[in-house]
Amino acid sequence: MNKQGITIFWFRRDLRLEDNVGLFHALHSEYPVIPLFIFDEDILDSLPINDARVSFIHESLSKINTKLQETGSSLLVKKGKIREVWQQLVQEFDVQEVFFNKDYEPYAIKRDLAIGELLKANKIECFSFKDQVIFEEKEIVKADGLPYTVYTPYKNKWLEKYKSMAPVREYDTSEKFSNFHKNNFVFPTLEKIGFEESSIKVIPHNLKNVPTYHETRGFPALNTTTYLSPHLRFGTVSIRKLVNWAVRKNDVFVSELIWREFFMQILFSFPKVVTRNFKSAYDGIQWRNDEEDFKRWCSGTTGYPMVDAGMRELNETGYMHNRVRMVVASFLCKHLLINWQWGEAYFAEKLLDYELASNVGNWQWAAGTGCDAAPYFRVFNPEIQLKKFDEKGIYIRKWISEFDLGYVEPMVDHAFARVRAIAKYKAGILK
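Let us look at the structure shown here. Computed from a prediction, not measured in an experiment: that's the story for all the values here.

What to know about the overall build of the protein chain
Then comes step 1: When helices and strands are counted, the protein chain shows 19 helices and 5 strands.
Then comes step 2: Taking 431 residues into account, the globule formula puts the C-alpha radius of gyration at 22 Å, and the protein chain, at 23 Å, falls close to it.
Then comes step 3: Here the C-alpha coordinates of the protein chain stretch approximately 75 × 50 × 40 Å along the principal axes.
Then comes step 4: Carbon and sulfur atoms provide 52% of the accessible area of the protein chain, an area that totals close to 19,700 Å².
Then comes step 5: Both charge centroids of the protein chain, one from 58 positive and one from 56 negative side chains, sit 4 Å from each other.

Okay, structure coming up:
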């Protein structure tokens, strides 16, 4: 290929062409834009060959590529170790500028610093932008400049700032599609990348129930969820478009979107939470960590129908209703006294919407060891939760086919487990 000067836009957690901040600015570059995606071997090597999330990424990239072909362009897809791929790219092309959207996870921050240094060494300009959140890093802080560690004041400040600028700007990329580099890169099959199609699929998002979200969100049998979370995770929807729309529809739904950003800024400000309790005082808890108990929890055979239905739903579909997530997480940490990290790792393996900040944040919330967490003495009763949120047993019968045939006895008595958990927590709290 002839060595004309080019700009590269690097897709990561923003798999869409519309309202994409970094792409918008790249397309306004003076150089034609090659859109790029890299399958990162450092991440892929730990995944099963039929990982559903890789299938979804590939499907989303295919849609982008089809759209690009209408402009006479195409998506450049690479696989390898990120630094090595970029070393090849700067040799293959006359790269003048690189654009991408920010990622706030520890691995991504380290990766982007390394690539930034490589590009600088090659005299290539590098630009990064806020795209996957409304407010990033240190935009929502207390009066003293320190990060919030309690959700409600964070939410209030977030809403105050949003309302002062609402609606947030959306970025029309379509007017500059002519600036995509004209090429015909070969789009690789999933097999070429080393994976195979998963039987588990990401469901298209559905916003029709958002206006009544506050009334229906606790009831898994109603199936009124938006299925948005994987799309937010991989950026197939724009958070700006979503929030600008949602603030006119339902405040409770918006609050859930703010939780996502709260946990992101907690992870950014306190990266230790990936492997340690936010509240160090809880480091002394003596977990039982019984492997057989953990296997029963994973397989959905604990004898508690709501816990088991949730785990079976997760294992079969990659989804779990939010109310049920709280119940199964509390059960693992409180009833079985298994370290939240075990559950967090299992969810990371199975969830289609797995996102580090929210997964760690919610697990530490359930365990009582995180910022703004449920108090340690709050132990969900799975049977009461079932009566309250699935009174007719519609949800549990969907996932537990043998429920009416004489269901297995609970593996641990709730009253006993509650007393044991509170005692263990109390004894483990470091003074």
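The discussion continues.
Thoughts on the packing of helix H14 (residues 322-335) against helix H17 (residues 382-389)
Then comes step 1: Where H14 contacts H17, the axes come no closer than 11 Å and their chain directions differ by 170°. Relative to H17, H14 is oriented roughly antiparallel. Where H14 approaches H17, its residues Arg-323, Val-327, Phe-331 and His-335 are matched on the opposing element by Pro-382, Gln-385 and Phe-389.
Then comes step 2: Its residues assigned to classes, the contact of H14 with H17 comprises 4 nonpolar, 2 polar and 1 charged.

Section: the packing of aromatic side chains
Then comes step 1: Scanning the model with the defined rule gives 36 aromatic pairs in all.
Then comes step 2: For the pair Trp-259 and Phe-262, a centre-to-centre distance of 5.7 Å together with 80° between the ring planes defines the contact as edge-to-face. Taken together, the positions of Trp-259 and Phe-262, both in helix H11 (residues 251-269) and 3 residues apart, correspond to about one turn of that helix.
Then comes step 3: A relative accessible area of 0% means that Phe-262 is categorised as buried.
Then comes step 4: Ring geometry for Tyr-282 against Tyr-425: centres 6.3 Å apart, planes inclined by 65°, an arrangement best described as edge-to-face. Of this pair, Tyr-282 sits in the loop between H11 and helix H12 (291-299) while Tyr-425 sits in helix H19 (residues 414-428), placing them 143 residues apart in sequence. As far as burial versus exposure is concerned, Tyr-282 and Tyr-425 are alike and both buried.

Overview of the sheet that holds strand E1 (residues 5-11)
Then comes step 1: Across the sheet, 5 strands lie side by side as E3-E2-E1-E4-E5; this open sheet has parallel pairing. The two strands at the open ends of the sheet, each matched to only one other strand, are strand E3 (76-80) and strand E5 (125-129). Put simply, the sheet's adjacent strands are angled 25° from each other on average, direction ignored.
Then comes step 2: Two strands pair when backbone bridges link them, and E1 and strand E2 (residues 33-40) are joined in this way by 5 bridges, in the parallel orientation. Considered in E2, the bridge of Phe-11 is made with Phe-37.
Then comes step 3: This element, helix H4 (residues 82-92), spans E1, E2, E3 and strand E4 (94-101) of the sheet and lies at about 135° to E3.

Some thoughts on the nonpolar core
Then comes step 1: Formed by 84 residues in total, the largest nonpolar core has its most connected members in Trp-158, Trp-297, Phe-347 and Tyr-425.
Then comes step 2: The dominant element in this core, judged by the number of residues it contributes, is H11, at 9 residues.
Then comes step 3: Those residues within four positions of Trp-297 in sequence are excluded, and the remaining contacts are Thr-302, Val-307, Met-311, Val-328, Phe-331, Leu-332, Leu-336, Gly-343, Tyr-346, Phe-347 and Trp-363.
Then comes step 4: In terms of nonpolar packing, the next biggest core, distinct from the first, is built from 35 residues, Leu-44, Val-77, Phe-234 and Leu-352 among them.

Observations regarding the pairing of E5
Then comes step 1: When E4 meets E5, the two strands line up parallel, connected through 5 bridges. Opposite Phe-99, over in E5, you have Phe-127 as the bridge partner.
Then comes step 2: Taken together, E4, helix H5 (residues 106-121) and E5 form a β-α-β motif whose crossover is right-handed.

A closer look at the environment of Ser-280
Then comes step 1: With respect to the helices and strands, Ser-280 occurs in the loop between H11 and H12.
Then comes step 2: Its relative accessible area of 32% is what places Ser-280 among the partly exposed residues.
Then comes step 3: Considered as a pair, Ser-280 and Thr-369 are 89 residues apart in the sequence and their alpha carbons are 8.0 Å apart.
Then comes step 4: Those residues within four positions of Ser-280 in sequence are excluded, and the remaining contacts are Lys-272 and Leu-430.
Then comes step 5: At a separation of 3.0 Å, a polar atom in the side chain of Ser-280 contacts the side chain of Lys-272.

Things to note about the side chain of Asp-40
Then comes step 1: Within the secondary structure, Asp-40 is located in strand E2.
Then comes step 2: Here Asp-40 sits buried without a salt bridge, and the closest side chain of opposite charge, Arg-111, lies 5.1 Å off (N-O distance).
Then comes step 3: Every residue in contact with Asp-40, bar those within four places of it in the chain, is listed here: Gly-80, Ile-82 and Tyr-107.

Thoughts on the packing of H12 against helix H15 (residues 340-350)
Then comes step 1: Contact pair H12 / H15: the axes reach a minimum separation of 12 Å and the direction vectors enclose 35°. In this structure, H12 meets H15 at a crossing whose hand is right-handed. Facing Glu-291, Phe-294, Trp-297 and Cys-298 of H12, the residues of H15 in contact are Trp-342, Gly-343, Tyr-346 and Phe-347.
Then comes step 2: A breakdown of the residues in the contact of H12 with H15 according to their chemical character gives 6 nonpolar, 1 polar and 1 charged.

Description of the environment of Pro-410
Then comes step 1: Within the secondary structure, Pro-410 sits in the loop between helix H18 (394-399) and H19.
Then comes step 2: You can call Pro-410 partly exposed: its relative accessible area is 34%.
Then comes step 3: Separated by 123 residues in the primary sequence, Pro-410 and Trp-287 place their C-alpha atoms 20 Å from one another.
Then comes step 4: In this view, Pro-410 contacts Thr-302, Gly-303 and Tyr-304; residues no more than four positions away in its chain are not counted.

What counts as what
- Residues numbered from 1 in each chain as written.
- Predicted model: local features only at pLDDT ≥ 70, side-chain atom pairs only at ≥ 80, totals over all residues.
- Heavy atoms only, no water.
- Helix = DSSP H or I, 4+ residues; strand = E, 2+ residues; numbered from the N terminus.
- Rg over C-alpha atoms; globule rule 2.2 N^0.38 Å.
- Areas by Shrake-Rupley, 256 points an atom, 1.4 Å probe, with all protein chains shown as cover.
- Lys, Arg positive; Asp, Glu negative; His and termini not counted.
- Charge placed at Lys NZ, Arg CZ, Asp CG, Glu CD.
- Axes fitted to C-alpha atoms, helices over the stretch in contact; angles between N-to-C directions.
- Parallel < 35°, antiparallel > 145°, perpendicular 65-115°, else oblique.
- Contact = heavy atoms within 4.5 Å.
- Nonpolar A, V, L, I, M, F, W, Y, C, P; charged D, E, K, R; others polar.
- Phe/Tyr/Trp six-rings, centres within 6.5 Å; stacked < 30°, edge-to-face > 60°.
- Buried < 20%, exposed > 50% of the residue type's maximum accessible area, 1.4 Å probe, protein only.
- Pairing = 2+ DSSP bridges.
- Core = buried A, V, L, I, M, F, W, Y, C linked by side-chain atoms within 4.5 Å.
- Right-handed = clockwise from strand over helix to strand, strands pointing away.
- Polar contact = N/O pair within 3.5 Å; in protein donor to acceptor, adjacent residues only side chain to side chain.
- Salt bridge = Lys/Arg side-chain N within 4 Å of Asp/Glu carboxyl O.
- Left-handed = near helix turned anticlockwise from the far one by under 90°.

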